[in-house]
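Coordinates in review
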Amino acid sequence: MRGLIHHIEIYVSNLRQSQEFWGWLLEDLGYDSYQKWDKGQSWKLDQSYIVFVQADDKFLDIAYHRRRVGLNHIAFHAASKEHVDTLTEQLKEKQIPILYQDRHPFAGGPNHYAIYFEDPDRIKVEIVAPS
C-alpha cells in the first residue's frame, strides 16, 4: 500500500451539483458512498477515497481553472472501450459537454481510447480504456 493515494479532497463551488455529478460517475467506476455531512461527501474504492467539500463563500471569488497552478485533471481507468462508449452516451444524455469532440475517442493519441469532460467547476475528467 505504500505510495498509493489515501484520499483526495476537492473544494467545490456548489456541493449539491458536485454530489449529483460525481455520485453517478464514481459509483459507475466502482466507488461506494463513504461519508456524508452537511458540507461534504466522499466516495471510496478499496483503500482510497475522494472527498468533495463545499468551499466557503469568501473563497468563491476566483473560479477554478485547470490551466492555473494546481490540479489539471483527474484520470480514471475504465473497464473497457465499451465502458468508455457507455459513459459517453450517459454524458450526452445528461447534457454534459464532451471535450475534444473532433478527436473523440482518440484525443489523447491513436492508442489512447478515452473520453474527456468537465465537472461543474470545470475540473477536467478523463476516463481511459485499457490498452
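Here's a quick rundown of the structure. (Residues numbered from 1 in each chain as written. Predicted model: local features only at pLDDT ≥ 70, side-chain atom pairs only at ≥ 80, totals over all residues. Heavy atoms only, no water.)

Turning our eyes to something else, we now look at the packing of aromatic side chains. Under the defined criterion, the tally for this structure stands at 9 aromatic pairs. Between F21 and W22, the ring centres sit 5.4 Å apart and the planes meet at 75°, which makes this aromatic pair edge-to-face. A relative accessible area of 0% means that W22 is categorised as buried. Counting every residue linked through ring pairs, the aromatic cluster contains F21, W22, Y31, W43, F52, F76 and F117. (Phe/Tyr/Trp six-rings, centres within 6.5 Å; stacked < 30°, edge-to-face > 60°. Buried < 20%, exposed > 50% of the residue type's maximum accessible area, 1.4 Å probe, protein only.)

The subject of this paragraph is helix 1 (residues 15–28). Counting along an α-helix, one turn takes 3.6 residues, and residues three or four places apart therefore face a common direction. Under the 1.5 Å per step criterion, the end-to-end length of helix 1 is 19 Å for 14 residues, consistent within 8% with the ideal 20 Å. Along its length, helix 1 reaches its greatest deviation from straightness, about 30°, at W22. Inspection of helix 1 places L15, S18, F21, W22, G23, W24, L25 and L26 among the buried residues, and these make up the whole buried set. The N-cap residue of helix 1 is N14: its side-chain oxygen and the backbone nitrogen of R16 are 3.2 Å apart. G30 occupies a position one or two residues after helix 1 and carries a positive phi of about 105°. (Helix = DSSP H or I, 4+ residues; strand = E, 2+ residues; numbered from the N terminus. Expected span 1.5 Å × (residues − 1). Bend = angle between axes of the 7 residues up to and from the residue. Polar contact = N/O pair within 3.5 Å; in protein donor to acceptor, adjacent residues only side chain to side chain.)

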